[in-house]
Amino acid sequence: MYLAELVDAPVLQAGSRIGHVVDVRLFVPRHTEGQRVGTPEVFGVVVCPRRTGSFLGFERTDARAPALLAAFFRWRARGSFLVLWDDLAAVSKDAVELRPEAMRWSPALA
Amino acid sequence: MKKIFAVALGILTAIGGFLDIGDIVTNAVVGSRFGWSLAWVVVVGVAGICVFAHMAGKVAAVSGRATFELIRERLGPRMALANLSASFFINLLTLTAEVGGIALALQLASSVNYLLWVPVAAFAVWLVVWRVGFELMENVTGLIGLLLIGFAVAFFLLGPDWGELGRQAAQLMPTQESPATYWFYAVALFGAALTPYEVFFFSSGAVEEGWSVKDLGQSRLNVLVGFPLGGFLSLAIAGCAALALLPIGVEVGTLSQVVLPVAEAGGTLLLVAIILGIVAATFGAALETTLSAGYTLAQFFGWTWGKSKAPAQAARFHTTMIVCLVIGLGVLATGVDPVMVTEVSVVFSAVALPLTYLPILIVANDPDYMGEHVNSRALNVAGQAYFGLILVAAVAAVPLMIVTGVGQ
Amino acid sequence: MTEDLQPARSPSGGVLVDARLSLLDRQMLDVDGVTVGVVDDLELSDVPAVLERGTPPPSVLALVHGPIVLERIFGGKRPHGQLLRFGWDTVAKLGSAVELAAPASELPRPWLETWLRERVIARLPGGRHVPG
């Protein structure tokens, strides 16, 4: 499986489309023996109700400047949310399916 | 002398951006038709390129990333490819025009038909890209290009009527031209001041020279000396045309008409200096656009690039530049007017501007890249104001070009 | 961005990064800082078609570089044959570029670069010399 296939893929829940994958959030653990950077694993997917493309970095809480652009891109990203890996029911390049009871978390990246 | 060489990258970038063959002729055309009533656009444009070149240079010095790498990284492959297609096309047109421009300048100097000079010019450009060190290249072309200050000398020798020029500069819309034509040239001059290849070249040149955080001061100096100098010289060219040609009703169409006021004011010696300056400036612009063609493509696709490496270490980068020069030669061999080629390209460049300057503005604020060197609030106010202006120019460019029939 | 949603608990002992933002489309540098490609895609370990709760998440196996970028833009089939794989263990640092721990000579190379070098560029006079 390739990660870029998931980016922009439609997101389904209970049979209907609720948005698109904007980004795939990875967890990079501390590195183990023989590595310099730990092997990242999928932590969750960031979903936006519209197909807006990338948030250009404005999902990070410390990205507040330049103010007008930040406000515009945050407005474009309104209604987006993070779903953790455990709440995904199926993942393929055609669609990402959420469990019916999937929790929606804040998409902000600290 | 050392001070001059320290700002060589800025001077070469600005000469290529402001004083390439298209700009030299456009400025003279504008001067002969509108006097100084479009001078404000040059001033606004110079400030704009200073704002964005400063950010691009700063990002390159702090993070080592050149502008097209930022475009690919932040906008993703689809938008980056859209930008690449537009920028590369403009770049190729400009490159073609510059090679033609070198040949036209050599024709002025030698009376040998420019078509015979075209292959010589193209080969010389390739030779410099292939064999000459980056710093020697920028120092020599920058220094000889400074001979264009001769236009300023000619301007003063022509005895400018400051009252009249001031009246032109203050009067926004001359009555004898239609508003659409006036605004077409305004967008063309603005687009020319901010042509994307300037930041591609400037940021990549900064990486080639190995700038780091301690060179931030040098980066700022390059921007603040280079671009205003370029703007000043383009105003001088427009001023010469306004003084010598506007009153007698000559509309500039060829390079020899551009230098007419210089010959009139300063005689043969100044004319020789100016022609030498034009050769150096068009040569510098040809180098800048040839290298930019390689830089943009290599940075989009992740090829190894760099003029400071042996060509064999950057084979696709060098092959791209050879192919571009050969295409330029082919286009010129058809006998197309090089000056006309750039007038079209300048307008198209307005369309590519937003996709180039948005990622620069965003990344210059990204603490992951910039750490403590993120933009100040004042720089962001200026950057966003200019980004708004760039959007307006980009939207207006093509309709204006169609309505006015390319400024006729 | 929705401000009323709760932040998810952050796992300890590592950092969270957004793949599209911080990894995809970044330049890859070898140990000497020479560009060796762009991260055109990330290869993930496979997961079952239907995910039971508790299925371990896929991990990143390699950075992938090659003509794949055209597929990302225009769609269509992946040209699997020409992909260059950079295993995750060669990654040394994630920054404004992805820094790798090996020199370019030990990393996968695109055939076009090699072909152009051997057949064209290196054969022209001065092609193997640093300018200046």
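## Quick look at the overall build of chain B
Then, in step 1: Counting its regular elements, chain B contains 17 helices and zero strands.
Then, in step 2: Against the globule reference of 22 Å for 408 residues, chain B gives a C-alpha radius of gyration of 20 Å, in line with a compact fold.
Then, in step 3: Across its three principal axes, chain B shows a C-alpha extent of roughly 55 × 45 × 45 Å.
Then, in step 4: Each of the 408 residues in chain B was classed as buried or not, and the buried ones make up 64%.
Then, in step 5: Sequence-distant contacts, at least 24 apart, represent 84% of the contacts inside chain B between residues at least 6 apart.

## Observations concerning the overall build of chain C
Then, in step 1: Within chain C one finds three helices and eight strands.
Then, in step 2: Since a compact globule built from 132 residues should have a radius of gyration of about 14 Å, the 19 Å found for chain C marks it as more spread out than a globular shape.
Then, in step 3: With respect to the principal axes defined by its C-alpha atoms, chain C has extents near 65 × 35 × 30 Å.
Then, in step 4: Counting all 132 residues of chain C, 49% fall into the buried class.

## Observations regarding the interface of chain B and chain C
Reports of interface size often rely on the accessible area that becomes lost once the parts have come together.
Then, in step 1: Chain B puts 36 residues into the contact, and the matching count from chain C is 36 residues.
Then, in step 2: For the pairing of chain B and chain C, the buried interface totals around 2,900 Å² over both sides, and the portion due to carbon and sulfur atoms is 59%.
Then, in step 3: At the surface where chain B touches chain C, the tally comes to four salt bridges.
Then, in step 4: With a shortest N-O distance of 2.6 Å, Arg316(B) and Glu113(C) are connected by a salt bridge.
Then, in step 5: In this assembly, chain B and chain C are joined by 15 residue pairs in polar contact (both at pLDDT 80 or more).
Then, in step 6: Elements with a contribution of two residues or more to the side of chain B that touches chain C: helix 5 (67-110), helix 6 (114-131), helix 13 (255-301) and helix 14 (315-333) of chain B.

## Here we look at the packing of aromatic side chains
Residues and elements named next belong to chain B.
Then, in step 1: Counted by the stated rule, this structure contains 24 aromatic pairs over all chains.
Then, in step 2: Residues Phe34 and Tyr182 carry aromatic rings whose centres are separated by 5.9 Å and whose planes lie at 65 degrees to one another, so their mutual orientation is edge-to-face. Placement of Phe34 in helix 3 (residues 21-34) and of Tyr182 in helix 10 (residues 179-193) is noted, with a sequence separation of 148 residues between them. Both residues of the pair, Phe34 and Tyr182, count as buried.
Then, in step 3: Ring centres of Tyr295 and Trp305 lie 5.3 Å apart, and the angle between their planes is 75 degrees; this geometry places the pair in the edge-to-face category. Of this pair, Tyr295 sits in helix 13 while Trp305 sits in the loop between helix 13 and helix 14, and the two are 10 residues apart along the sequence.

## Section: helix 17 (residues 377-404) of chain B
Then, in step 1: Here helix 17 of chain B is 28 residues long and its end C-alpha atoms lie 39 Å apart, about the 40 Å a rise of 1.5 Å per residue gives.
Then, in step 2: The positive-phi residue at the C-terminal boundary of helix 17 of chain B is Gly405(B), with phi of around 60 degrees.

## Brief notes about the pairing of strand 3 (residues 35-38) of chain C
Residue and element names in this part refer to chain C.
Then, in step 1: As paired elements, strand 2 (residues 27-29) and strand 3 share three bridges and run antiparallel to each other. For Gln27, the partnering residue across the bridge sits in strand 3 and is Val38.
Then, in step 2: The hairpin formed by strand 2 and strand 3 contains five residues between the paired strands, and Gly33 there has a positive phi angle of roughly 85 degrees.

## A look at the layout of surface pockets
Then, in step 1: Roughly 1,000 Å³ of volume is contained in the largest pocket.
Then, in step 2: Lining the largest pocket we find 41 residues, and of these Asp8(A), Gly53(A), Leu75(B), Arg78(B) and Arg20(C) sit closest to its centre.
Then, in step 3: For the lining of the largest pocket, the leading source of residues is helix 5 of chain B, giving 10 residues.
Then, in step 4: A breakdown of the residues in the lining of the largest pocket according to their chemical character gives 19 nonpolar, seven polar and 15 charged.
Then, in step 5: Put simply, the second largest pocket is a space of about 830 Å³.
Then, in step 6: Lining the second largest pocket are 41 residues, and of these Ala110(A), Asp368(B), Val15(C), Leu16(C) and Val17(C) lie nearest its centre.
Then, in step 7: Elements with a minimum of two residues in the lining of the second largest pocket: strand 2 (16-29) of chain A, helix 16 (367-370) of chain B together with strand 1 (14-18), helix 1 (19-22) and strand 7 (91-94) of chain C.
Then, in step 8: It is strand 1 of chain C that provides the largest number of residues to the lining of the second largest pocket, a total of five residues.
Then, in step 9: When the residues that make up the lining of the second largest pocket are grouped by side-chain class, the tally is 20 nonpolar, 10 polar and 11 charged.

## A few points about empty space enclosed by the protein
All names here are of chain B.
Then, in step 1: Following the criterion strictly, the structure yields seven cavities of 30 Å³ or more and no others.
Then, in step 2: Gly17, Phe18, Asp23, Asn27, Val42, Leu189, Ala192, Ala193 and Ser234 are the residues that line the largest cavity.
Then, in step 3: At the level of secondary structure, the elements contributing two or more residues to the lining of the largest cavity comprise helix 2 (8-18), helix 3 and helix 10.
Then, in step 4: In terms of residue count, the dominant contributor to the lining of the largest cavity is helix 10 (three residues).
Then, in step 5: Classifying every residue of the lining of the largest cavity by side-chain character gives five nonpolar, three polar and one charged.

## Some thoughts on the pattern of salt bridges
Then, in step 1: All chains considered together, the criterion is met by 19 salt bridges over all chains.
Then, in step 2: Across the pair Asp87(A) and Arg53(C) runs a salt bridge, and its minimum N-O distance is 3.1 Å. Pair noted here: Asp87(A) is in the loop between strand 4 (81-84) and strand 5 (88-91) and Arg53(C) is in the loop between strand 4 (41-44) and strand 5 (60-65), and the two residues belong to different chains.
Then, in step 3: A residue is classified by how much of its surface remains accessible, and Arg53(C), at 46% relative accessible area, is partly exposed.
Then, in step 4: Taken together, the salt bridges that share partners define one network made up of Arg60(A), Glu73(B), Arg74(B), Asp366(B), Asp368(B) and Arg26(C).

## Focus on the nonpolar core
Then, in step 1: Counting 156 residues, the largest nonpolar core has Leu38(B), Phe52(B), Phe151(B), Leu255(B), Val258(B), Ile278(B) and Tyr357(B) as its most contacted members.
Then, in step 2: No other element matches helix 13 of chain B, which puts 18 residues into this core.
Then, in step 3: Ignoring any residue separated from it by four or fewer positions in sequence, one finds Leu38(B) in contact with Val30(B), Tyr182(B), Tyr185(B), Ala186(B) and Leu189(B).
Then, in step 4: By size, the runner-up hydrophobic cluster in this structure holds 44 residues, among which are Met1(A), Leu84(C), Trp88(C) and Ala104(C).

## Quick notes on the sheet that holds strand 8 (residues 98-100) of chain C
Two modes of strand pairing occur in sheets, parallel and antiparallel, and in both the strands are linked by backbone hydrogen bonds.
All names here are of chain C.
Then, in step 1: Taking strand neighbours across the sheet as the criterion, the four strands line up as 3-2-8-7 in an open arrangement whose pairing is mixed. The open sheet has two free edges, formed respectively by strand 3 and strand 7, since each of these has just one partner strand. Geometrically, the sheet is characterised by an average inter-axis angle of 25 degrees between neighbouring strands, direction not taken into account.

About the criteria used
Along each chain, residues carry numbers from 1 onward, in the same order as the chain's sequence is written. Note on labels: chains are lettered from A, ligands numbered from 1, in written order. Residues qualify for local features only when their pLDDT is at least 70, as the model is predicted, and side-chain atom pairs are given and counted only at 80 or more; totals for whole chains, interfaces and linings, by contrast, use all residues. Side-chain metrics rest on all non-hydrogen atoms present in the structure, leaving aside hydrogens and water. Strands here are runs of E lasting at least two residues and helices are runs of H or I lasting at least four, both read from the DSSP assignment and numbered beginning at the N terminus. Within these notes, the globule rule equals 2.2 Å times the number of residues to the 0.38 power, and the radius of gyration is based on C-alpha atoms. Only protein chains enter the area calculation, which uses a 1.4 Å probe; residues under 20% of their type maximum are buried, those over 50% are exposed, and those in between are partly exposed. Any two residues whose heavy atoms approach within 4.5 Å are treated as being in contact. Two parts placed together each lose some accessible area under a 1.4 Å probe, and the buried area is that loss summed for both. Between Lys or Arg on one side and Asp or Glu on the other, a salt bridge is scored when a side-chain nitrogen of the former is within 4 Å of a carboxyl oxygen of the latter. A 3.5 Å cut-off defines polar contacts: any pair of N or O atoms within that distance qualifies, except that in protein one atom must be a possible hydrogen donor and the other a possible acceptor, and neighbouring residues in sequence count only when both atoms are side-chain atoms. Ring geometry is summarised as follows: Phe, Tyr and Trp rings, the Trp one being its six-membered ring, pair when their centres sit within 6.5 Å, and such pairs are stacked at plane angles under 30 degrees, edge-to-face over 60 and tilted between the two. The span one expects for a helix is its residue count, reduced by one, times 1.5 Å. A pair of strands is considered paired only if DSSP assigns at least 2 bridges between the two. Computed over the protein atoms alone on a 1 Å grid, cavities are sets of points where a 1.4 Å probe fits but cannot get out and pockets are open sets with protein on both sides within 12 Å along at least five of seven lines; a residue lines them when it has an atom within 4 Å of a point. Grid points are joined across faces, edges and corners, and a volume is the space filled by probe spheres set on the points. For this classification, Asp, Glu, Lys and Arg are treated as charged, while Ala, Val, Leu, Ile, Met, Phe, Trp, Tyr, Cys and Pro are nonpolar and the rest, including Gly, are polar. The definition of a nonpolar core used throughout is a set of buried Ala, Val, Leu, Ile, Met, Phe, Trp, Tyr and Cys residues joined through side-chain atoms within 4.5 Å. Working convention: axes come from line fits to C-alpha atoms, limited for helices to the stretch in contact. Angles between N-to-C directions cover 0 to 180 degrees.

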